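These are the residues of each chain, in order.
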Amino acid sequence: QVQLQQSGAELAKPGSSVKISCKASGYTFTSYYISWIKQTTGQGLEYIGYINTGSGGTNYNEKFKGKATLTVDKSSSTAFMQLSSLTPDDSAVYYCARDVYYGLLGVMDAWGQGASVTVSS
Amino acid sequence: DIQMTQSPTSLAASVGESVTITCLASEDIYGSLVWYQQKPGKSPQLLIYGATILEDGIPSRFSGSGSDTQYSLKINSLQPEDFASYYCQNGLSTPRTFGGGTKLELK
């Protein structure tokens, strides 16, 4: 079955970076894009962007440009998101999700378990 | 960006009751509306896409409707496992935007 396994919780200092991984299994990795989503109690769900797992092409929400960098390693069926210049506002649970397209409709049909990032000095 | 406004933000109901959650898009999304369910401590799960299409394995007591800018999710005959948070999402354009969520609680 389709599974997205994310890396574990991170505790990071302000100004540092973290890199979260998302390992896919149960399907052909390069046939689906991977999206990334941020969830906080205050802001709810926010869409960060997606990566074309075949070409490595990316599309970012303007809000997260310069903050998030999406990459992929096809050999290990793993997508990555690096968050840089961390501030306490980046503390959140980050999800990866598999993208399915029905025409123009983009749907996230499988989600990772989430990776908690806490930014604190 | 397309803004998605959900209502109510919270809702209390009893097992067996029916409830409806609404989602309003800031512009026409041509039926490209997605609903997710999220239980505490878990990741969101796809329920409905294309406004009305039930994802495989989702019980038929869940249904979606709507068009243009107005959409709704109806849950008939609530079961104990349905008490969770529900989110709508714009599936038409990027960035994909989400509603603020509706927390369905047991009365």
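As the structure is a computational prediction, the values presented were derived from the model and not from experiment.

A short note on the nonpolar core
- If you look at the biggest cluster of nonpolar residues, it comprises 26 residues, and the most contacted ones within it are Ile 20, Ile 34, Trp 36, Met 81, Leu 83 and Tyr 94 of chain A.
- Within the residue set of this core, elements represented by two or more residues are β3 (18–25), β4 (34–40), β5 (44–51), β7 (68–73), β8 (78–83), β9 (92–102) and β11 (115–119) of chain A.
- In terms of residue count, the dominant contributor to this core is β3 of chain A (four residues).
- Discounting residues that sit within four places of it in the chain, Tyr 94 of chain A has contacts with Gln 6, Ile 20, Ile 37, Lys 38, Ile 48, Met 81, Leu 83, Gly 114, Ala 115 and Val 117 of chain A.
- In terms of nonpolar packing, the next biggest core, distinct from the first, is built from 24 residues, Ile 21, Ile 29, Trp 35 and Cys 88 of chain B among them.

Considerations on the layout of surface pockets
- Its boundaries defined by the atoms lining it, the largest pocket holds a volume of some 290 Å³.
- Lining the largest pocket we find 13 residues, and of these Val 2, Gln 3, Asp 109, Ala 110 and Trp 111 of chain A sit closest to its centre.
- Those elements that place two or more of their residues in the lining of the largest pocket are β1 (3–6) and β10 (105–111) of chain A together with β5 (45–49) of chain B.
- Looking at the lining of the largest pocket residue by residue, the class counts come to six nonpolar, five polar and two charged.

Structural notes on the pattern of salt bridges
All names here are of chain A.
- Summed over the entire model, instances satisfying the criterion amount to eight salt bridges over all chains.
- Asp 90 is paired through a salt bridge with Lys 67; the nearest N and O atoms lie 2.8 Å apart. In this pair, Asp 90 is assigned in the loop between β8 and β9 and Lys 67 in the loop between β6 (58–60) and β7, connecting sequence segments 23 residues apart.
- Taking relative accessible area as the criterion, Asp 90 reaches 6% and is therefore assigned buried.

A closer look at the packing of aromatic side chains
- For the coordinates displayed, the defined rule picks out eight aromatic pairs over all chains.
- A centroid spacing of 5.8 Å and a plane angle of 70° characterise the contact between Tyr 33 of chain A and Tyr 101 of chain A, whose relative ring orientation is edge-to-face. With Tyr 33 of chain A in the loop between β3 and β4 and Tyr 101 of chain A in strand β9, this residue pair connects regions lying 68 residues apart in the sequence.
- Overall, Tyr 101 of chain A belongs to the partly exposed group, its relative accessible area being 37%.
- Ring centres of Trp 111 of chain A and Tyr 36 of chain B lie 5.4 Å apart, and the angle between their planes is 75°; on these two criteria the pair is classed as edge-to-face. With Trp 111 of chain A in strand β10 and Tyr 36 of chain B in strand β4 (residues 33–38), this pair bridges two chains.
- The structure contains a cluster of three or more aromatic residues connected by ring pairs, namely Tyr 95 and Trp 111 of chain A together with Tyr 36 and Phe 98 of chain B.
- Against the face of Phe 80 of chain A rests Lys 19 of chain A, its NZ or CZ located 4.9 Å from the ring centre.

Cut-offs applied
- Residues numbered from 1 in each chain as written.
- Chains lettered and ligands numbered in written order.
- Predicted model: local features only at pLDDT ≥ 70, side-chain atom pairs only at ≥ 80, totals over all residues.
- Heavy atoms only, no water.
- Core = buried A, V, L, I, M, F, W, Y, C linked by side-chain atoms within 4.5 Å.
- Buried < 20%, exposed > 50% of the residue type's maximum accessible area, 1.4 Å probe, protein only.
- Helix = DSSP H or I, 4+ residues; strand = E, 2+ residues; numbered from the N terminus.
- Contact = heavy atoms within 4.5 Å.
- 1 Å grid on protein atoms, 1.4 Å probe; cavity = no way out; pocket = protein on both sides within 12 Å on 5 of 7 lines; lining within 4 Å.
- Points joined across faces, edges and corners; volume = space filled by probe spheres on them.
- Nonpolar A, V, L, I, M, F, W, Y, C, P; charged D, E, K, R; others polar.
- Salt bridge = Lys/Arg side-chain N within 4 Å of Asp/Glu carboxyl O.
- Phe/Tyr/Trp six-rings, centres within 6.5 Å; stacked < 30°, edge-to-face > 60°.
- Lys NZ or Arg CZ within 6 Å of the ring centre and 35° of its normal.

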